[in-house]
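# Commentary on secondary and tertiary structure
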2 protein chains.
Amino acid sequence: MRNLSEDTITQAVLARHKDAPDARVKEIMTALVQHLHAFAREVTLTEAEWFEGIRFLTEVGHITNDQRQEFILLSDTLGLSMLVIAMNNRKPEGCTEATVFGPFHVEGAPQYALGADVANGARGEPCFVRGHLRGLDGRPVADATIDVWQADETGLYDVQYKDLQRHRARGVLHAGPDGEFHFRTIVANAYPIPNDGPVGRLLQALNRHPWRPAHLHFMIKAPGYETLVTHVFRDGDKYLDSDAVFGVRSSLIAEWVRQAPGTAPDGTRLDVPYYTLDFDFVLNPAPAGAR
Amino acid sequence: MRNLSEDTITQAVLARHKDAPDARVKEIMTALVQHLHAFAREVTLTEAEWFEGIRFLTEVGHITNDQRQEFILLSDTLGLSMLVIAMNNRKPEGCTEATVFGPFHVEGAPQYALGADVANGARGEPCFVRGHLRGLDGRPVADATIDVWQADETGLYDVQYKDLQRHRARGVLHAGPDGEFHFRTIVANAYPIPNDGPVGRLLQALNRHPWRPAHLHFMIKAPGYETLVTHVFRDGDKYLDSDAVFGVRSSLIAEWVRQAPGTAPDGTRLDVPYYTLDFDFVLNPAPAGAR
């Protein structure tokens, strides 16, 4: 420990952790130090580059506040978030896959009856969504809560509007006893992630765009099943192959079907075109004993 | 790119960087993403642990300001800083080794004549430092600037005192034409790195102490030689084997020799014990053409 060099320092750091009281903390920090050092060695990181990294992280820290989480954005754009989600949501073949949660979910969104318009004034073309919730065994899922949220036609979530006093284009629904659900909303559109900060500049340095393909968020909870956090992506979107946060899974792409003006699925008469989206979700049974 | 899973996501992220205009940025980000993902896979990072990491980095960002750089402290305590310094300061056998720069250097410290007391009022036992600067070929180094800085007897640097109007225990000296230097200061003491923030809590979770062994900082610049940033460590310090930032190299440990009250090396009469420190530095010639 008195003769540290580039060859001995990693082991010296790990030896210092040997008495960490929590085995999991020790395991995580051991792997972290090894990979951090291996990274620096692999690229022979210069002192100037190291300092640029310090500056970058400082900026990420300083732009982060209650409204904006630039570290999550960094994790999302480097694919770390999606990797963690995929590893922690390994579901049997046939279950609907999970994807990133994103930063725009709100606890306590308005509750709506089936068939209601969750847009609540958000601007966009009308869209009627419907589907069924089933378990992996094909049985209908009863007593499910469906939390939906999305961006409006300008690509913004309600929480991104300053001074907006009510929730728009988000809501909580309760599916029928047979797992059926339907509601009205607006068509989802592609939008760029916040790109006026250090993460935006990193994407630019990598010649990457900040866009996410159009999607509708779902969080579905039902007794006896694992909670499912996912999106449905809009087929045909030009960013499906280059989602800035790597959230796309083929099984989650669906068609928003354009319909001519006329009588909508909820019986209202529309004199503008509207869209319909049908999507069924398959939930994974929770392990016995789990709630 | 439409079917990302935990097995395919790393390659998908790397593919996205393929058109990065700067080859070095691309190289660094490729290695970073690979190691970041490998780390998460190796420990099967949970979603809760991932979020704890986000929280930790956010806190590091929020405590960092103009006076305090918690990201550098994090890099130091994880051994990354010392690794980067070692890799970028590979010197031939026989040269004085480099170590961490630390956060307490100040540009524009007071200039002193050889023999002066750089303590400038800082509290501590008197210490007389002297030595020679030589090149690797043994020839005296002419025209050298020696920047020294250190903590006082309470373990604090002058910049850590609020409202202190002058520099203490730091200064810039010019060595003689034969490379000789000598100055008066105070004895260096061990001190803890700032440990009231997230990095302090991390050290605690790893059962690590925050102490650095006593040391005197040097930055030595001379025409025709590589700049040397290093410390001299005090032999016998109980933290030499466990420096919180991994800066110790055996070749940098020296004895602070305790002397009985009497006539000090500068001719002054001292009625308290004092210390002497003798240390010679060997500089690496700069590559031809470098300044």
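The coordinates are above.
Summary of the structure given here.

Calculation criteria
Residues numbered from 1 in each chain as written. Chains lettered and ligands numbered in written order. Predicted model: local features only at pLDDT ≥ 70, side-chain atom pairs only at ≥ 80, totals over all residues. Heavy atoms only, no water. Helix = DSSP H or I, 4+ residues; strand = E, 2+ residues; numbered from the N terminus. Buried < 20%, exposed > 50% of the residue type's maximum accessible area, 1.4 Å probe, protein only. Contact = heavy atoms within 4.5 Å. Areas by Shrake-Rupley, 256 points an atom, 1.4 Å probe, with all protein chains shown as cover. Polar contact = N/O pair within 3.5 Å; in protein donor to acceptor, adjacent residues only side chain to side chain. Least-squares fit on C-alpha atoms with pLDDT ≥ 70 in both. Pairing = 2+ DSSP bridges. Axes fitted to C-alpha atoms, helices over the stretch in contact; angles between N-to-C directions. Parallel < 35°, antiparallel > 145°, perpendicular 65-115°, else oblique. Left-handed = near helix turned anticlockwise from the far one by under 90°. Nonpolar A, V, L, I, M, F, W, Y, C, P; charged D, E, K, R; others polar. Salt bridge = Lys/Arg side-chain N within 4 Å of Asp/Glu carboxyl O. Core = buried A, V, L, I, M, F, W, Y, C linked by side-chain atoms within 4.5 Å. Buried area = accessible area lost by both parts, 1.4 Å probe. Phe/Tyr/Trp six-rings, centres within 6.5 Å; stacked < 30°, edge-to-face > 60°. Lys NZ or Arg CZ within 6 Å of the ring centre and 35° of its normal.

Along chain A, the regular secondary structure elements total six helices and 15 strands. Over its C-alpha atoms, taken along the principal directions, chain A stretches across nearly 80 × 45 × 35 Å. Across the 291 residues of chain A, 53% fall into the buried class. In chain A, of all internal contacts separated by at least 6 residues, the share reaching a separation of at least 24 is 70%. Per element, the accessible surface of chain A, about 13000 Å² overall, is 51% carbon and sulfur.

A few words now on the side chain of His215 of chain B. Residue and element names in this part refer to chain B. The residue His215 is located in strand β8 (residues 215–221) in this model. In this structure the side chain of His215 is engaged in a polar contact, spanning 3.3 Å, whose partner is the side chain of Tyr157. Excluding anything up to four places from it in sequence, His215 contacts Gln150, Tyr157, Ala188, Tyr191, His231, Val232 and Phe233.

Each copy of the sequence occupies a distinct position, and chain A is placed on chain B by a rotation of 180° and an axial shift of 0.0 Å, giving an RMSD of 0.0 Å. Considering both components of the superposition, the chain copies are consistent with a two-fold axis. Judged by C-alpha distance, Gly61 of chain A is the residue of chain A that lies nearest the rotation axis, at 1.9 Å. With an isologous cut-off of 70% or more, the 100% of interface residues of chain A that recur at the interface of chain B puts this contact in the isologous class.

Let's shift gears to the pairing of strand β5 (residues 180–186) of chain A. Residue and element names in this part refer to chain A. When you tally the buried positions in β5, you get five out of seven residues, the bulk of the element. Two elements, strand β2 (residues 126–135) and β5, share seven bridges in a ladder whose sense is antiparallel. Looking across to β5, one finds that Val129 is bridged to Phe183.

Two measures define how a pair of helices packs: the angle their axes make with one another and the distance between the axes. Orientation of helix α2 (residues 23–43) of chain A relative to helix α5 (residues 80–88) of chain B, taken along the N-to-C sense of each, is 20°, at an axis distance of 10 Å. In terms of their interaxial angle, α2 of chain A and α5 of chain B are classed as roughly parallel. In terms of crossing hand, the pair formed by α2 of chain A and α5 of chain B is right-handed. Of the residues in α5 of chain B, those touching α2 of chain A at Leu36, His37, Ala40 and Arg41 of chain A are Leu80, Leu83 and Met87 of chain B. Taken together, the residues that form the contact of α2 of chain A with α5 of chain B break down as five nonpolar, one polar and one charged.

Below, the discussion takes up the pattern of salt bridges. Residues and elements named next belong to chain B. Applying the stated rule across the entire model yields 34 salt bridges over all chains. The residue Glu97 makes a salt bridge to Arg249 at a minimum N-O spacing of 3.6 Å. Taken together, the residues span a long stretch of sequence, with Glu97 in the loop between α5 and β1 (111–112) and Arg249 in the loop between β9 (228–234) and β10 (253–254) at a distance of 152 residues. Classification of Arg249 as buried rests on a relative accessible area of 6%.

The next point concerns the nonpolar core. Core analysis: the largest hydrophobic core is formed by 138 residues, its most contacted members being Phe218 of chain A together with Phe218 of chain B. Excluding residues that lie within four positions of it along the chain, Phe218 of chain A makes contacts with Val129, Ile146, Asp147, Val148, Trp149, Phe181, Phe183, Leu228, Val229, Thr230, Val232 and Phe281 of chain A.

Residues and elements named next belong to chain A. Strands sit in the order β1-β4-β3-β8-β9-β10 across an open sheet of six strands; the sheet is mixed. Whereas interior strands pair on both sides, the edge strands pair on one side only; in this sheet they are β1 (111–112) and β10 (253–254). Summarising the sheet, strand β3 (residues 145–149) and strand β4 (residues 170–174) pair through five bridges and their orientation is antiparallel. Looking at β4, one finds that Thr145 is bridged to His174.

So, about the interface of chain A and chain B. At the interface, 78 residues of chain A touch 78 residues of chain B. A combined buried area of about 7400 Å² lies between chain A and chain B, and 63% of that area is made up of carbon and sulfur atoms. For the pair chain A and chain B, the number of links is four salt bridges. With its nearest N and O atoms 2.7 Å apart, the salt bridge here joins Arg90 of chain A to Glu6 of chain B. Linking chain A to chain B there are 29 residue pairs in polar contact (both at pLDDT 80 or more). Those elements giving two or more residues to the side of chain A that touches chain B turn out to be α1 (9–16), α2, α3 (47–63), α4 (70–77), α5 (80–88) and α6 (198–205) of chain A. Considering only residue class, the side of chain A that touches chain B consists of 41 nonpolar, 21 polar and 16 charged.

Given two aromatic rings, one states the distance between the centres and the angle between the planes to describe the pair. All names here are of chain A. All told, the structure shown has 25 aromatic pairs over all chains when counted by the stated rule. Seen from their ring centres, Phe181 and Phe183 are 6.5 Å apart, and the 25° between their planes marks the pair as stacked. Given a relative accessible area of 0%, Phe181 falls into the buried group. Judged by its relative accessible area of 2%, Phe183 falls in the buried class. An aromatic cluster is built from Phe181, Phe183, Phe218, Phe279 and Phe281, whose rings are joined through pairwise contacts. The aromatic ring of Tyr275 is capped on one face by Arg234, whose charged end is 5.5 Å from the ring centroid.

This brings us to the side chain of Thr58 of chain B. Structurally, Thr58 of chain B can be placed in helix α3 (residues 47–63). The class of Thr58 of chain B is buried, set by a relative accessible area of 13%. Filtering out sequence-adjacent residues up to four positions away, Thr58 of chain B remains in contact with Thr64, Gln69 and Phe71 of chain A.

What follows is about the sheet that holds β9 of chain B. All names here are of chain B. Overall, mixed pairing links the six strands, which are arranged β1-β4-β3-β8-β9-β10 in an open sheet. For this open sheet the edge positions go to β1 and β10, each flanked by a neighbour on one side alone. As judged from the six bridges shared by β8 and β9, these two strands associate in the antiparallel manner. Bridge pairing in β9 places His217 opposite His231.

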